[in-house]
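Chain by chain, the residues:
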Amino acid sequence: MPSIFQRIFSRPQSSFSADEHLALQTRIRELEMEVQSLEQTIDRLHADNQRIQADGQDRAAAELNAHLEEFMQQAASPVSQLLTQAWLVDAQNKPLQAADVLTVSRRLVRVLENAGMQILHAAGESASYNANHHAPMNASVAMRDGQAVRIRFPGIAWQGRILLKAAVEAADAENA
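What you are looking at is a predicted structure, and each value in this text was computed from that prediction instead of being measured.

Participant: Go over the overall build of the protein chain with me, naming the residues and quoting the values.
Facilitator: Regarding its fold elements, the protein chain presents 3 helices and 7 strands. For the protein chain, the α and β elements follow one another from N to C terminus as α-α-α-β-β-β-β-β-β-β. Looking at the protein chain residue by residue over its 176 residues, the buried ones come to 16%. Of all intrachain contacts in the protein chain linking residues separated by at least 6 positions in sequence, the fraction that spans at least 24 positions is 50%. Taken as a whole, the protein chain presents about 13,100 Å² of accessible surface, with 56% of it coming from carbon and sulfur.

What follows is the structure, encoded as structure tokens:
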């Protein structure tokens, strides 16, 4: 099958002299070689692009792993202490002071906050109900936006996304 260049530049033999015909055939071969070289360059650039993307993904994964390792190192001590406290209560029947458990728990919460976790409201805090941030503790109780509520369980967010809505009850419910 003739190449695209041969089809484009082909004319009846009688239109060209032998020298012109030879020059055109030479030019066609040159252009075909140039196209082949360009196709090889494109293939090489595709391969380079894939390698660069893979390297970028590897670097991103390594960076993420480094951050996760740092987080785990910060969390390791309080988690270990909580597990030990649980063992002391469960297996050894040893009494624990609530203040000791809270101290370790607060350290763990600080580690999570340092990693970007946001506590939306503190337990016991008063707030105006917002259906985007709050969930009624009692699903059968209807609440309206702006209604005074008391936070019973704090809400949690990370990177601007709410992971857990704060559990609330009507502010007047605590008096009932």
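What follows picks up the thread again.
Participant: Tell me about the side chain of Q85, and please be specific about residues and values.
Facilitator: Mapped onto the elements of the fold, Q85 is located in helix α2 (residues 18–90). Overall, Q85 belongs to the buried group, its relative accessible area being 12%. Those residues in contact with Q85, other than ones at most four positions away along the chain, are L96, D100, V101 and V104.

Participant: Pulling in residues and values, what's your account of a nonpolar patch on the surface?
Facilitator: Where nonpolar side chains cluster on the molecular surface, the patch consists of W158, L163 and L164 and spans about 300 Å² of accessible area. Among the structural elements, L164 can be located in strand β6 (residues 161–164).

Participant: Would you mind going over the nonpolar core in detail, with residue names and values included?
Facilitator: If you look at the biggest cluster of nonpolar residues, it comprises 8 residues: A127, Y129, M143, V149, I151, A166, V168 and A170. The element contributing the most residues to this core is strand β7 (residues 166–170), with 3 residues. Dropping the residues within four chain positions of it, A127 is found in contact with H121, H134, Q147, A148, V149 and I151.

Reading the values: the criteria
Residues numbered from 1 in each chain as written. Predicted model: local features only at pLDDT ≥ 70, side-chain atom pairs only at ≥ 80, totals over all residues. Heavy atoms only, no water. Helix = DSSP H or I, 4+ residues; strand = E, 2+ residues; numbered from the N terminus. Buried < 20%, exposed > 50% of the residue type's maximum accessible area, 1.4 Å probe, protein only. Contact = heavy atoms within 4.5 Å. Areas by Shrake-Rupley, 256 points an atom, 1.4 Å probe, with all protein chains shown as cover. Patch = residues over 30% accessible without salt bridge, like charges linked within 9 Å, V, L, I, M, F, W, Y side chains within 5 Å. Salt bridge = Lys/Arg side-chain N within 4 Å of Asp/Glu carboxyl O. Core = buried A, V, L, I, M, F, W, Y, C linked by side-chain atoms within 4.5 Å.

Keep in mind these values describe shape, not function.
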